[in-house]
Amino acid sequence: MDLHTVEMINSAGIWAILALSLNVIVGYAGIASIGHAAFYAIGAYSSAIMCVRLGAPPWLGMAVGCVLAAGLGALISIPSLRLRDDYLMLTTLGFGEIVYLTCRNWESLTNGPRGIGGIPTLRVLSVPVTEMGLMPWLIWGCVFTLAGLLWALEHSPFGRQMMAVRDNEIAAMSLGVRPILYKLTAMVVGAMAASFAGSLLAHKLSFIDSEAGFGLSTSVMVFAMVILGGRGSIMGVVAGAILLSAVPEVLRRFGLPLATAAPLRQIIFGILLVAIVVFRPQGLFGKLKFRE
Amino acid sequence: MDLFLQFLINGLAIGAVYAIVAVGYSLIYGVLQCIAFSHADTCMVSGYVAYAAMALLGLPLPVAVLMAISAGALLGVIVERVAYRPLRHAPRIMPLISALGVSIILQNAAALLFGPQSRNIDIGVSSLRGIAISGAVLPAAEAVILITALILGIGLYFFLKSTRIGLAIRAVACDAEAAEVLGIPSQAIVSITFAVSSAVAAVGGLLVASAYDLFPTMGVLLGFKAFTACVLGGIRSLYGSIVAAVCLGVVENLAAGYLSSEYKDAYAFAILVGVLAVRPQGLFGASDRRI
């Protein structure tokens, strides 16, 4: 396989991790979040800043990113207890914008649009993880591990209680299930996994800047992957990630210039979102019936 | 002091724009109990319609204004038909997702047609000198915003208060089923509400294009702030939303002036989260069911 194909496989894997992480929040806990790129950004910048500025080993950067993301995720889960879907969606949108604005404007820390370069390559047992070599195995290994963890969550009592809170919060509470525990857990787990994806991205690209896709369009793309694949369906969400991350490549094959292809891609996502909720609300592969 | 007055004036103008958009959120929320996610994008599209009419086709201002308003109203009705009506009885999250989809389509269609750079339209006041108020200046374009917003506000007040359609909108907002029983076609009223709100938002789009910048993603932050104002004022309280929108514009401008302008857009978010955490029904406590 040539470099371009491998790069596509790798980036599809990172999208799959992101989509799976959002699936915990949107699919299992039922929190409509369109600020997910914030956690992705936190992971990427934690890795970049820790490794480049402080010379820390990559795993430490990842760990710091996960801890920061978990903290912010916990913070965001507090409004999710009191707010309904629509209010919550705007709160998460605002949260995502704030993190993006901070990445762009806090130049002394993040270098803003000029970016941070020289992020070291990951090493597994002192073997460097290169794009053509170990990278696809590492990334897709993470995808399958995460998918396995989600499967275990889905089939555990804890996961079932989480879904009970999603389906009917009041009924769940009447049976002694406390929503806060499940919403908080979902946000924290989802945030940490997204942060991990961000760290992978930073080490993969070795250079990140504030325009590397940490804004609303990334949040929307991940959200569209989850909705398209089917909320709460692990296979569906991974399939959604693969399908939607292939859209830019398909447009590229048509030879469209970037100025046309980028908005066109977004328009396709928008049309998919509308079409899915109107015609197939459970998503392409979802089996769940979302009742009123 | 002069600086303070200047920030205050600029804040009032942008606050008036937020109010024009916030009114739409409030009205639509009244009849559908749903946040019209793509409402601020209607504003953006109308701005581009006016821009296309004036800058590309060379039409005179009044024609462009009429075109923008009709385009806005039409778009509002279409969006309601496509993205909201099929999902009236679906769980609340569904119309939000479809509206998000519409929002993305509109933003990127504008980017595709007009490019990502920002545009302006000249409504014939750019050459005028501003009005000097004890050391501060009220630019002519911002004066137009304030006057237009005032006229719109008064017009909307009488529309809702004294016309049969306004009465019907308030009736549906109060209790859609009871209104239906009394012979009010609530579906038609929802469409009319979308048309009216979107027409008002279209005027907002024109004002933004004349005094500030018009760009494809302007609806994201504009809508976010207008919605923050609605939450602040209590989303069911139309006049609460208007007052809160103006206050938000002023506070934001003062904070940008005295604290840091880079995080200008972050203040609204902080206010939103703070209010939602403490007082979700809004500062003016409109837990009653009027709009």
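Below: a short report on this structure.

**Considering the side chain of S38 of chain B**
Right, so step 1: Mapping S38 of chain B onto the fold places it in the loop between α1 (2-32) and α2 (39-56).
Right, so step 2: Aside from chain neighbours lying at most four places away, what touches S38 of chain B is V79, Y84, A99, V102 and S103 of chain B.

**Let's talk about the side chain of Q266 of chain A**
Right, so step 1: One can find Q266 of chain A in helix α12 (residues 258-279).
Right, so step 2: Residue classification places Q266 of chain A among the buried residues on the basis of a relative accessible area of 6%.
Right, so step 3: Those residues in contact with Q266 of chain A that sit more than four places away from it in its chain are S217 of chain A together with I104 and N108 of chain B.

**Brief notes about the interface of chain B and chain A**
Right, so step 1: Facing 43 residues of chain B, the contacting portion of chain A comprises 41 residues.
Right, so step 2: Both faces combined, the contact of chain B with chain A buries some 3,700 Å², and carbon together with sulfur accounts for 78% of it.
Right, so step 3: On inspection of chain B and its partner chain A, the count reaches 0 salt bridges.
Right, so step 4: Inspection of the chain B/chain A interface yields 0 residue pairs in polar contact (both at pLDDT 80 or more).
Right, so step 5: For the side of chain B that touches chain A, the elements supplying multiple residues, two or more each, are α4 (93-114), α9 (218-233) and α11 (264-278) of chain B.

**Thoughts on empty space enclosed by the protein**
Right, so step 1: This model, assessed by the stated rule, comprises 4 cavities of 30 Å³ or more.
Right, so step 2: Here the largest cavity defines a volume of roughly 140 Å³.
Right, so step 3: Of all the secondary-structure elements, those providing two or more residues to the lining of the largest cavity are α4 (85-105) and α10 (216-229) of chain A together with α4 and α9 of chain B.
Right, so step 4: Each residue belonging to the lining of the largest cavity can be placed in one class, and the counts come to 12 nonpolar, 4 polar and 1 charged.
Right, so step 5: Lining the second largest cavity, in full, are I28, A36, S38, H39, T42, L75, G76, V79, F194 and S198 of chain B.
Right, so step 6: In terms of residue count, helix α3 (residues 61-84) of chain B provides more of the lining of the second largest cavity than any other element does, 3 residues in total.

**Some points on the nonpolar core**
Right, so step 1: Of all hydrophobic cores here, the largest spans 182 residues; its most connected members are L20, Y87 and F223 of chain A together with Y84 and L100 of chain B.
Right, so step 2: With 15 residues, the single largest contributor to this core is α1 of chain B.
Right, so step 3: Discounting chain neighbours no more than four positions away, the residues touching L100 of chain B are I34, M89, V220, F223 and L273 of chain A together with F37 of chain B.
Right, so step 4: I9, A136, L138 and A143 of chain B belong to the second largest nonpolar core, which has 5 residues in total.

**Examining the packing of aromatic side chains**
Residues and elements named next belong to chain B.
Right, so step 1: According to the stated counting rule, one finds 13 aromatic pairs over all chains in the structure shown.
Right, so step 2: A centroid spacing of 6.3 Å and a plane angle of 65° characterise the contact between Y25 and F227, whose relative ring orientation is edge-to-face. Placement of the pair is Y25 in helix α1 and F227 in helix α9, with a sequence separation of 202 residues.
Right, so step 3: On the basis of relative accessible area, F227 is assigned to the buried category, the value being 0%.
Right, so step 4: On the basis of an interplanar angle of 75° and a centroid distance of 5.9 Å, the ring pair of Y51 and F114 is categorised as edge-to-face.

What counts as what
Residues numbered from 1 in each chain as written. Chains lettered and ligands numbered in written order. Predicted model: local features only at pLDDT ≥ 70, side-chain atom pairs only at ≥ 80, totals over all residues. Heavy atoms only, no water. Helix = DSSP H or I, 4+ residues; strand = E, 2+ residues; numbered from the N terminus. Contact = heavy atoms within 4.5 Å. Buried < 20%, exposed > 50% of the residue type's maximum accessible area, 1.4 Å probe, protein only. Buried area = accessible area lost by both parts, 1.4 Å probe. Salt bridge = Lys/Arg side-chain N within 4 Å of Asp/Glu carboxyl O. Polar contact = N/O pair within 3.5 Å; in protein donor to acceptor, adjacent residues only side chain to side chain. 1 Å grid on protein atoms, 1.4 Å probe; cavity = no way out; pocket = protein on both sides within 12 Å on 5 of 7 lines; lining within 4 Å. Points joined across faces, edges and corners; volume = space filled by probe spheres on them. Nonpolar A, V, L, I, M, F, W, Y, C, P; charged D, E, K, R; others polar. Core = buried A, V, L, I, M, F, W, Y, C linked by side-chain atoms within 4.5 Å. Phe/Tyr/Trp six-rings, centres within 6.5 Å; stacked < 30°, edge-to-face > 60°.

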